[in-house]
Amino acid sequence: MTGLTSGSNQVMKSRKGITQHIPQGQWLRYLLVGGWNTLFGYTCFFLINRWLNRAMPSYSYMAASLSSNLISITGSVSGIQVVCF
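Figured I'd write up the structure that's included with this text. What you see is a predicted model, and the numbers here were worked out from it, not measured in a lab. (Residues numbered from 1 in each chain as written. Predicted model: local features only at pLDDT ≥ 70, side-chain atom pairs only at ≥ 80, totals over all residues. Heavy atoms only, no water.)

## Considering the packing of helix H2 (residues 26-55) against helix H3 (residues 60-84)
Describing two packed helices takes the angle between their axes plus the distance from one axis to the other. Packing of H2 against H3 leaves a shortest axis separation of 8 Å and a crossing angle of 155 degrees. On the basis of the axis angle, H2 is roughly antiparallel to H3. Regarding H2 and H3, the two cross each other, and that crossing is right-handed. (Axes fitted to C-alpha atoms, helices over the stretch in contact; angles between N-to-C directions. Helix = DSSP H or I, 4+ residues; strand = E, 2+ residues; numbered from the N terminus. Parallel < 35°, antiparallel > 145°, perpendicular 65-115°, else oblique. Left-handed = near helix turned anticlockwise from the far one by under 90°.)

Structure representation (structure tokens):
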């Protein structure tokens, strides 16, 4: 029984050590920005792939992947800067 308790205490201490440097109010903002980034990235890929599928049906997903990643990464960095910091 003692081993189980000390193991769970070590897990809690390691979690606190990982998250210790992030202020309390920022967790929710990080989660919101992360959810928005995910939605924005998938939507960008879908729309660009749909648009390029008319021009080059065989390889539209490759060009859409590259361009949507560039747009999404830029949006992600901007979102984190504006909302979290």
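## Notes on the environment of Ile 71
For Ile 71, the position within the fold is in helix H3. Classification of Ile 71 as partly exposed rests on a relative accessible area of 39%. In sequence terms Ile 71 and Phe 45 are 26 residues apart; their C-alpha atoms lie 9.5 Å from each other. When neighbours within four sequence positions are excluded, Ile 71 is seen to be in contact with Phe 40, Cys 44 and Ile 48. (Buried < 20%, exposed > 50% of the residue type's maximum accessible area, 1.4 Å probe, protein only. Contact = heavy atoms within 4.5 Å.)

## With respect to H2
The terminal C-alpha atoms of H2, which comprises 30 residues, lie 43 Å apart, in line with the 44 Å expected from a rise of 1.5 Å per residue. Among the residues of H2, Gln 26, Val 33, Asn 37, Gly 41, Cys 44, Ile 48 and Leu 52 are the ones counted as buried. Tucked into the core, H2 has its buried residues touching H3. (Expected span 1.5 Å × (residues − 1).)

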